[in-house]
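Listed below are the residues making up each chain.
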Amino acid sequence: MKTIDDLSFSGKKALVRVDFNVPLDENFNITDDNRIQGAAPTIKKILADGGAVILMSHLGRPKEGPTDKYSLKHIVGHLSQVLGVDVQFANDCIGEEAIEKSASLKGGEVLLLENLRFYKEEEKGDVGFAEKLAKLGDVYVNDAFGTAHRAHASTAVVAQFFPNDRYAGYLMAAEINNAEKVMNKPERPFTAIMGGAKVSDKIQLIEALLDKVDNLIIGGGMAYTFVKARGGEIGKSLVELDKLDLANELVKKADEKGVNLVLPTDAQIADKFANDADTYNGPNDQIPADREGLDIGSESSEHFAEIISASNTLLWNGPMGVFEFDTFAKGTKAVADAVVKATERGAFSLIGGGDSAAAVSKFGMTEHVSYVSTGGGALLEYMEGKVLPGVKALED
Ligand SMILES: Nc1ncnc2c1ncn2[C@@H]1O[C@H](COP(=O)(O)OP(=O)(O)OP(=O)(O)O)[C@@H](O)[C@H]1O
Ligand SMILES: O=C(O)[C@H](O)COP(=O)(O)O
């Protein structure tokens, strides 16, 4: 797979797929610009070579065509600041305006096209739509690791129109290299910390990890399915009753493979799902019927931290509790502190995208871990051993 270091972009128009699917608040302010920052080095390299950049991305999951809520115009200002260039904007990603603005773009200039998903053809992987996109540029660059697990027109199909001129951007290359480092050449002990809401979202990753890790720590909402499966009383805690047998199977598999599967033993037990809930720290298998566990407890935090601090490779995907509420962020913070300490001692730590990255950023620790992925589902699928269409499409 070629990267952008294999080409001088002088005199070229680079059609660059980025993942600018960033969280916006009610005033359309970007609440986490990690994905924009991540794509900046690629864009800047092309500009430094004297090339012009035509950016394409999706934003959200628009269902009824163009809407203001999902317009990429909302990120033009911040993107211009990050790049130090006045980014031009096309109100469509194909058609007259896109063609004209792309054609008149000069070296050192940047054009951002409107949201690709305003056309159903994007997610359908429509060839005709991909060809219209392809006509806008001379070479194709994919730097959208976060969307690489989608076989869409702009992430995979379009590459066929650039048989000799398709490149991975720096972010795409870094994401793959860091995921490989963890999955294929981990320095041991290798510990994975899985959290978040549902076992069902992470089953395939957990199964893939059981062949790779020394320790598998399970926290967050998904832990209660494991506690319930072995007869614990979990009250109103989050649980997937149709996954109890699966949970027991995973515990058994871990045992057979000699993996140390670590579950929390205590929880912050609340009388309601709210930041101002009445809460106490107690065993997570004796939760009263009218209460629920919303964070791992102090004993579990200490136990998890102990294992993390003795590890040389760390993968973390999913928060330990409802970290959005400060009352239930202690477990996630304790894990983040331990990951940072291990990293400072020389361990390699990879943080999965989405909520885990948001938690690390909330605690101001992004610079103190080895790598924060921009991929949520894409990273999970890559680590499950799946071929990502956006990566495959770049291969010669
Ligand atoms: N004990 C719990 N009870 C209820 N919800 C929980 C609990 N622990 C964590 N959560 C919730 O889980 C959500 C995150 O899990 P989710 O599976 O949605 O994403 P994730 O695992 O972080 O994956 P990604 O990092 O890709 O977003 C958070 O919104 C958090 O509030
Ligand atoms: O946020 C993500 O995971 C990527 O931008 C992909 O978005 P999607 O799940 O809507 O395809």
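Residues numbered from 1 in each chain as written. Chains lettered and ligands numbered in written order. Predicted model: local features only at pLDDT ≥ 70, side-chain atom pairs only at ≥ 80, totals over all residues. Heavy atoms only, no water.

1. Some remarks on the site of ligand 2
Link 1 in the chain: All residues adjacent to ligand 2 are Asp19, Asn21, Arg35, His58, Arg61, Arg117, Gly146, Thr147 and Arg150.
Link 2 in the chain: Note that an oxygen atom of ligand 2 is positioned 3.1 Å from one of the side-chain N or O atoms of Arg35.
Link 3 in the chain: Expressed as a share of its isolated accessible area of 310 Å², the protein-covered part of ligand 2 is 85%. (Near = heavy atom within 4 Å. Polar contact = N/O pair within 3.5 Å; in protein donor to acceptor, adjacent residues only side chain to side chain. Areas by Shrake-Rupley, 256 points an atom, 1.4 Å probe, with all protein chains shown as cover.)

2. Examining the pattern of salt bridges
Link 1 in the chain: For the structure shown, the criterion picks out 16 salt bridges.
Link 2 in the chain: The residue Glu97 makes a salt bridge to Lys101 at a minimum N-O spacing of 2.8 Å. Taken together, the residues Glu97 and Lys101, both in helix 3 (residues 96-103) and 4 residues apart, mark about one turn of the helix.
Link 3 in the chain: Among the residues examined, Glu97 registers a relative accessible area of 25% and is labelled partly exposed.
Link 4 in the chain: Exposure remark for Lys101: the relative accessible area of 28% places this residue in the partly exposed category.
Link 5 in the chain: A salt bridge links Glu123 to Arg117; the shortest N-O distance between them is 4.0 Å.
Link 6 in the chain: The class for Glu123 is partly exposed, based on a relative accessible area of 30%. (Salt bridge = Lys/Arg side-chain N within 4 Å of Asp/Glu carboxyl O. Helix = DSSP H or I, 4+ residues; strand = E, 2+ residues; numbered from the N terminus. Buried < 20%, exposed > 50% of the residue type's maximum accessible area, 1.4 Å probe, protein only.)

3. What about the nonpolar core?
Link 1 in the chain: With 70 residues, the main nonpolar core has Leu113, Leu133, Leu209, Leu216, Ile218 and Met383 as its most contacted residues.
Link 2 in the chain: Looking at which element gives the most residues to this core, the answer is helix 6 (residues 170-183), with 6 residues.
Link 3 in the chain: Both domains that furnish three or more residues to this core are identified here as domain 1 (4-171) and domain 2 (178-383).
Link 4 in the chain: Other than its neighbours up to four places away in sequence, Ile218 contacts Met194, Ile206, Ala223, Phe226, Leu261, Val262, Leu263, Pro264 and Phe304. (Core = buried A, V, L, I, M, F, W, Y, C linked by side-chain atoms within 4.5 Å. Domains from an automatic or database assignment. Contact = heavy atoms within 4.5 Å.)

4. A short note on the site of ligand 1
Link 1 in the chain: Neighbouring ligand 1 are 22 residues; Ala197, Lys202, Glu324, Gly353 and Asp355 lie closest to it.
Link 2 in the chain: Take Gly293: an N or O atom from its main chain is 3.2 Å from a nitrogen atom of ligand 1.
Link 3 in the chain: In isolation ligand 1 has 640 Å² of accessible area, and contact with the protein removes 81% of it.
Link 4 in the chain: Those elements that provide at least two residues to the shell around ligand 1 are helix 7 (199-209), strand 14 (292-296) and helix 12 (355-362).
Link 5 in the chain: Taken together, the residues of the shell around ligand 1 break down into 6 nonpolar, 12 polar and 4 charged. (Nonpolar A, V, L, I, M, F, W, Y, C, P; charged D, E, K, R; others polar.)

5. Quick look at the environment of Ser298
Link 1 in the chain: If you trace the backbone, Ser298 turns up in helix 10 (residues 298-309).
Link 2 in the chain: Exposure remark for Ser298: the relative accessible area of 42% places this residue in the partly exposed category.
Link 3 in the chain: For the pair Ser298 and Arg150, spaced 148 residues apart in sequence, the C-alpha separation works out to 40 Å.
Link 4 in the chain: Setting aside anything within four residues of it in sequence, one finds Ser298 in contact with Asp266 and Asn281.

6. A few points about the sheet that holds strand 10 (residues 260-262)
Link 1 in the chain: Pairing is parallel across the open sheet formed by 6 strands, whose spatial order is 10-8-7-15-16-17. Looking at which strands have only one partner, the edges of the open sheet turn out to be strand 10 and strand 17 (371-372).
Link 2 in the chain: Across 4 bridges, strand 7 (residues 190-194) lies against strand 8 (residues 215-218) in parallel orientation. Bridge pairing in strand 8 links Met194 to Ile218.
Link 3 in the chain: Running at roughly 120° to strand 16 (residues 348-351), helix 6 makes contact with strand 7, strand 15 (313-317), strand 16 and strand 17 of the sheet.
Link 4 in the chain: Each of strand 7, strand 8 and strand 15 is contacted by helix 7, which is oriented at about 165° to strand 7, the strand it contacts most. (Pairing = 2+ DSSP bridges. Axes fitted to C-alpha atoms, helices over the stretch in contact; angles between N-to-C directions.)

7. A few points about a positive patch on the surface
Link 1 in the chain: There is a patch of like positive charges on the surface, built from Arg61, Lys63, Lys120 and Lys124.
Link 2 in the chain: Among the secondary structure elements, Lys124 is positioned in helix 4 (residues 120-124). (Patch = residues over 30% accessible without salt bridge, like charges linked within 9 Å, V, L, I, M, F, W, Y side chains within 5 Å. Lys, Arg positive; Asp, Glu negative; His and termini not counted. Charge placed at Lys NZ, Arg CZ, Asp CG, Glu CD.)

8. Quick word on the UniProt feature "binding site: ATP" (unreviewed entry) in the protein chain
Link 1 in the chain: The UniProt entry lists Lys202, Gly293, Glu324, Gly353, Gly354, Asp355 and Ser356 under the feature "binding site: ATP" (unreviewed entry), expressed in the numbering used here. Of the residues just listed, which span 155 residues, the most distant C-alpha pair is 24.2 Å apart, and they do not cluster in one region.
Link 2 in the chain: Checked against the element boundaries, Lys202 lands in helix 7.
Link 3 in the chain: Of the residues examined, Lys202 reaches a relative accessible area of 9% and is grouped as buried.
Link 4 in the chain: Residues within four places of Lys202 in sequence aside, it is in contact with Met194, Gly195, Met222, Asn317, Gly318 and Leu380.
Link 5 in the chain: Residue Gly353 is classed as buried on the basis of its relative accessible area, which comes to 7%.
Link 6 in the chain: Once residues within four sequence positions are removed from consideration, Gly353 is found in contact with Ser373, Gly375, Gly376 and Leu379. (UniProt positions renumbered as here; feature names shortened; annotations may be inferred.)

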